[in-house]
Amino acid sequence: MSKKQLWFEVEENETIEQCLGRMRQEGYMPMGRKEEPVFHIVNGEPTYLRQKIKFKGVLMEE
């Protein structure tokens, strides 16, 4: 992926709005979103932990 496109992940202690604000500060605008579940193993069984959210950022032309 070129530098014109980057994936920004919403950090564990960050809101979606904070992540989008971070993208704007770096000069990117959101053009896509993907989510994937995060699991961990408890007693040998996979257990849902949280949802990982990523935004595809496209470099804004000035």
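Residues numbered from 1 in each chain as written. Predicted model: local features only at pLDDT ≥ 70, side-chain atom pairs only at ≥ 80, totals over all residues. Heavy atoms only, no water.

Asks: Explain the overall build of the protein to me, please; I cannot follow it from the model alone.
Replies: For the protein, the count of helices and strands is one helix and three strands. Helices and strands appear in the protein in the N-to-C order β-α-β-β. Counting only C-alpha atoms, the protein reaches 55 × 25 × 15 Å along its principal axes. Within the span of the protein, comprising 62 residues, buried residues form 19% of the whole. If you take every contact in the protein between residues at least 6 apart in sequence, the share linking residues at least 24 apart comes to 52%. Working note: accessible area of the protein is about 4800 Å², and carbon and sulfur atoms make up 51% of it. Side chains of the protein give 10 positive and 11 negative charges; the mean places of these two sets differ by 5 Å. (Helix = DSSP H or I, 4+ residues; strand = E, 2+ residues; numbered from the N terminus. Buried < 20%, exposed > 50% of the residue type's maximum accessible area, 1.4 Å probe, protein only. Contact = heavy atoms within 4.5 Å. Areas by Shrake-Rupley, 256 points an atom, 1.4 Å probe, with all protein chains shown as cover. Lys, Arg positive; Asp, Glu negative; His and termini not counted. Charge placed at Lys NZ, Arg CZ, Asp CG, Glu CD.)

Asks: Just checking my understanding: could you explain unusual backbone geometry for this structure?
Replies: Glycine aside, residues mostly have negative phi angles, and peptide bonds mostly take the trans form. One non-glycine residue with positive phi stands out, namely N43, at about 55°. Residue position: N43 is located in the loop between strand 2 (28-42) and strand 3 (45-59). Relative accessible area serves as the criterion here: at 78%, N43 is assigned to the exposed category.

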